Amino acid sequence: MAVASDEGLALHSSAGRTALVATVAASAMASLDATVVNVALPHIGKDFHASVSSLQWVLTGYLLALASLILLGGALGDRFGRRRVFLIGTAWFAVASLLCGVAPNIGTLIAARFLEGVGGALLTPGSLAIIQASFRQSDRAAAVGAWSGLGGVAGAIGPFVGGVLVDGPGWRWAFLINLPVAAVAMACAVAAVPETKDPHAGRAIDVRGAALAAVALATGTWALTEAGPRGWADPLVVAGLAVAVVAAAGFVRHILRAPDPLVPPSLFRNRTFTVVNVGTVLLYAAIGLTFFLVAYVLEVAARWSALRAGIALLPATVLMLLFSSRSAALSERIGPRLQLTVGPLVTAAGLLMLTRLGPHTSWLSDVLPASVVLGIGLVTFVAPLTATVMGAADPAHVSVASGVNNALARTASLTALAVVPVVSGLTTAVGPAAVAHAVRIALVIAAVLAASSGVFMGVALAPRARAVRTARRSHCAVDGPPLQPDPARCPVPDSARAA
C-alpha cells in the first residue's frame with residue numbers, strides 16, 4: 001500500500017531529491033524524444049529515401065503504442081510494484097532507443113519506435129505515481145510541482161537539443177541521447193525510490209479490459225491522426241472511429257461488472273477526480289493545439305526558422321520552471337478550486353493575445369507579452385491540476401489514476417489537432433495572410449476551450465476539494481459519494497464499535 005500520509009520521503013532530503021531526479025529524468029526523456037524526433041524527420045527521410053507517409057508512421061507508431069497501452073502500464077504498476085514497472089519501462093525505452101539509433105532502414109525504425117511507445121506506456125504513469133506514493137504528504141504537492149515544471153523544460157529545450165544533435169553528430173543521436181538519461185533515471189530509482197503497490201490487487205491482469213482499452217485507444221488514435229490527410233469521410237477513418245466507440249462502450253460496460261477491473265469504477269465515484277479529468281480534456285485540447293498553431297503560423301506566415309519558432313514560447317516554460325512548485329504548494333494550503341478556475345481563464349487571455357501573430361510578427365511586441373500571460377496561466381493551473389487528480393485517487397490506484405489522466409490528455413490533444421484545423425480552414429489555407437487568419441480562428445477556439453474548463457471546474461469542484469489527500473483520508477474516505485468500506489482494509493476502531 002502507498003505510504004501513510006505522515007511517512008515517506010522528504011523532498012529536501014538526499015533521498016527525496018534523488019527520487020525526484022529519477023522520475024523527472026525518465027518522463028523528460030519521453031517528452032524530449034518526441035520534440036527532438038520532429039526536428040530529425042527531414043534528415044531521416046533524406047537518408048532512407050522515405051516517403052511522407054512512412055515518416056508519419058515514425059511519429060504515429062510511437063503514439064499508437066503509448067496511447068493504447070498507457071492504462072495497462074498504470075495497472076501493472078499498481079499490481080506488481082510501481083518502481084519495478086517504472087524500471088522495466090525505462091530500460092525498455094532505452095533499448096528501443098538504441099534500436100532506433102542503429103536502424104538500417106525506415107521499416108526497422110518504425111518498428112523500434114513502436115517499441116519505444118511500449119516503454120513510454122510503462123514508465124509514464126509510474127513517474128507521477130511514484131511521487132504520489134513515495135513522498136510524505138506535506139511535500140507531495142511541491143514534488144508534483146517540481147515534476148511538472150522540470151518536465152515542461154524538457155519539451156521546451158527539444159528544438160535546441162534536436163538542432164544541435166541533427167546538425168552535429170547526426171539524427172541517430174536524437175535517439176541515442178536517451179541511453180545516458182535512462183541510465184541516470186534507473187540508477188536514481190534503484191538508490192532512492194521505495195517500492196509501493198496495492199496489496200489487495202489480484203495477481204491476474206484484467207486481460208479483457210486491457211484488450212478493450214487498447215483497441216479503443218489505438219483505433220481512436222489512428223483515426224484521429226489519419227483524419228487530416230485522409231479526410232473525415234474516408235471509409236477507414238469512419239471505421240476506425242466506429243471501432244473505437246464500440247470498444248470504449250464495451251470497456252465501460254466491462255469495468256462496471258468485472259470483479260477486478262483494469263480501471264476501478266470507484267475512481268470516478270470521486271467527484272474531484274471526475275471533475276478534474278473533464279477539465280483536463282478541455283485544457284489539454286487547448287494546450288496541445290496551441291503549441292502547434294504558434295509554431296505553424298510563425299514558420300509559414302512569418303517565415304521564421306523552425307528553431308526560432310520552436311522556442312518562441314520559451315518564457316512560458318521558464319515561468320513554469322520557476323514557479324510550478326510554489327503554485328502546487330499554494331493549492332495545498334488554500335485548496336485548488338481558485339487556481340483551477342483562474343488559471344484556465346488567464347491561459348485563455350494569453351491565447352487571445354496570440355491571435356495578433358501573422359506575417360509581420362515581432363517577438364518583442366507580439367509574442368513575448370502573450371507568452372508571459374500564457375505562462376502565468378499555465379503556472380497557476382498545471383501543477384495544482386496534476387496534484388489534485390492524483391490526490392483524489394485511492395492511494396492503491398495512483399498508477400491507474402495517472403494512466404487515466406495521461407490517456408485523456410493525449411486523446412484530447414489529438415482530437416483537437418485533428419478537428420480544429422479543419423474547422424478553422426487551416427488545412428486549406430494558402431498564403432501567409434490566409435494561414436494567419438485560419439490560425440486566429442483556431443486560437444479563439446482554443447481560448448474558448450480553456451475558459452470553459454476554468455468555468456466548469458469553478459462550478460463543479462466542491463469548495464472542500466483538496467490538492468492532496470489529507471492525513472485523515474485513506475481507502476476508507478474519499479472526496480465524493482460514500483463507498484461501502486471493506487472491513488479488511490478499513491477496520492472499525494474499537495471506540496466506534498463500542499458506540
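Here the structure is a predicted model, which is why all the values come from computation and not from measurement.

**Regarding the packing of helix 3 (residues 82-101) against helix 4 (residues 106-134)**
Piece 1. In the contact formed by helix 3 and helix 4, the axes pass within 7 Å of each other and the chain directions differ by 155°. In terms of their interaxial angle, helix 3 and helix 4 are classed as roughly antiparallel. The two elements helix 3 and helix 4 cross, and the hand of that crossing is left-handed.
Piece 2. Classifying every residue of the contact of helix 3 with helix 4 by side-chain character gives 17 nonpolar, seven polar and four charged.

**Describing the packing of aromatic side chains**
Piece 1. Summed over all chains, the structure comprises five aromatic pairs.
Piece 2. A ring pair is formed by phenylalanine 48 and tryptophan 171, whose centres lie 5.5 Å apart and whose planes are at 75°; its orientation type is edge-to-face. Of this pair, phenylalanine 48 sits in helix 1 (residues 14-48) while tryptophan 171 is found in the loop between helix 6 (158-167) and helix 7 (173-176), placing the two residues 123 residues apart along the sequence. The same class applies to phenylalanine 48 and to tryptophan 171, which are both buried.
Piece 3. Taking 5.6 Å as the distance between ring centres and 35° as the angle between the ring planes, the aromatic pair formed by phenylalanine 292 and tyrosine 296 counts as tilted. With phenylalanine 292 and tyrosine 296 both in helix 12 (residues 271-300) and four residues apart, this pair spans about one turn of that helix.

**Thoughts on the packing of helix 3 against helix 8 (residues 178-192)**
Piece 1. Taken N-terminus to C-terminus, the directions of helix 3 and helix 8 make an angle of 165°; their axes are 9 Å apart at the nearest point. In terms of orientation, helix 3 and helix 8 fall into the roughly antiparallel class. Two packed elements cross with a definite hand, and for helix 3 against helix 8 that hand is left-handed. The segment helix 3 lies against helix 8, with Arg83, Phe86, Leu87, Thr90, Ala91, Phe93, Ala94, Ser97 and Leu98 engaging Asn178, Leu179, Ala182, Ala185, Met186, Ala189 and Val190.

**Quick word on the confidence of the model for the protein chain**
Piece 1. Mean pLDDT over the protein chain: 81, with 87% of residues reaching 70 or higher.
Piece 2. The low-confidence segment residues 1-5, where pLDDT is below 50, has 18 contacts with residues more than four positions distant or belonging to other chains.
Piece 3. In the model, residues 469-499 has pLDDT below 50 throughout and makes 46 contacts with residues more than four positions away in sequence or in other chains.

**Section: the nonpolar core**
Soluble globular proteins tend to bury their nonpolar side chains together.
Piece 1. Within the largest apolar cluster, 106 residues are counted, with the highest numbers of intra-cluster contacts made by Leu298 and Leu354.
Piece 2. Sort the elements by how many residues they give to this core and helix 12 lands first, with 12 residues.
Piece 3. With sequence-adjacent residues up to four places away left out, leucine 354 is seen in contact with Thr290, Val294, Leu313, Ala370, Leu374 and Leu443.
Piece 4. Counting 19 residues, the second largest nonpolar core, distinct from the first, contains Leu41, Leu55, Val58 and Val166.

**Let's talk about unusual backbone geometry**
Piece 1. Here histidine 49, not a glycine, exhibits a phi torsion of approximately 50°, which is positive.
Piece 2. Within the secondary structure, histidine 49 sits in the loop between helix 1 and helix 2 (52-80).
Piece 3. Overall, histidine 49 belongs to the exposed group, its relative accessible area being 74%.
Piece 4. Of note, arginine 303 is a non-glycine position whose phi angle comes to about 60°, a positive value.
Piece 5. With respect to the secondary-structure elements, arginine 303 resides in the loop between helix 12 and helix 13 (306-310).

Quick notes on the rules
- Residues numbered from 1 in each chain as written.
- Predicted model: local features only at pLDDT ≥ 70, side-chain atom pairs only at ≥ 80, totals over all residues.
- Heavy atoms only, no water.
- Axes fitted to C-alpha atoms, helices over the stretch in contact; angles between N-to-C directions.
- Helix = DSSP H or I, 4+ residues; strand = E, 2+ residues; numbered from the N terminus.
- Parallel < 35°, antiparallel > 145°, perpendicular 65-115°, else oblique.
- Left-handed = near helix turned anticlockwise from the far one by under 90°.
- Nonpolar A, V, L, I, M, F, W, Y, C, P; charged D, E, K, R; others polar.
- Phe/Tyr/Trp six-rings, centres within 6.5 Å; stacked < 30°, edge-to-face > 60°.
- Buried < 20%, exposed > 50% of the residue type's maximum accessible area, 1.4 Å probe, protein only.
- Contact = heavy atoms within 4.5 Å.
- pLDDT = per-residue confidence, 0-100.
- Core = buried A, V, L, I, M, F, W, Y, C linked by side-chain atoms within 4.5 Å.

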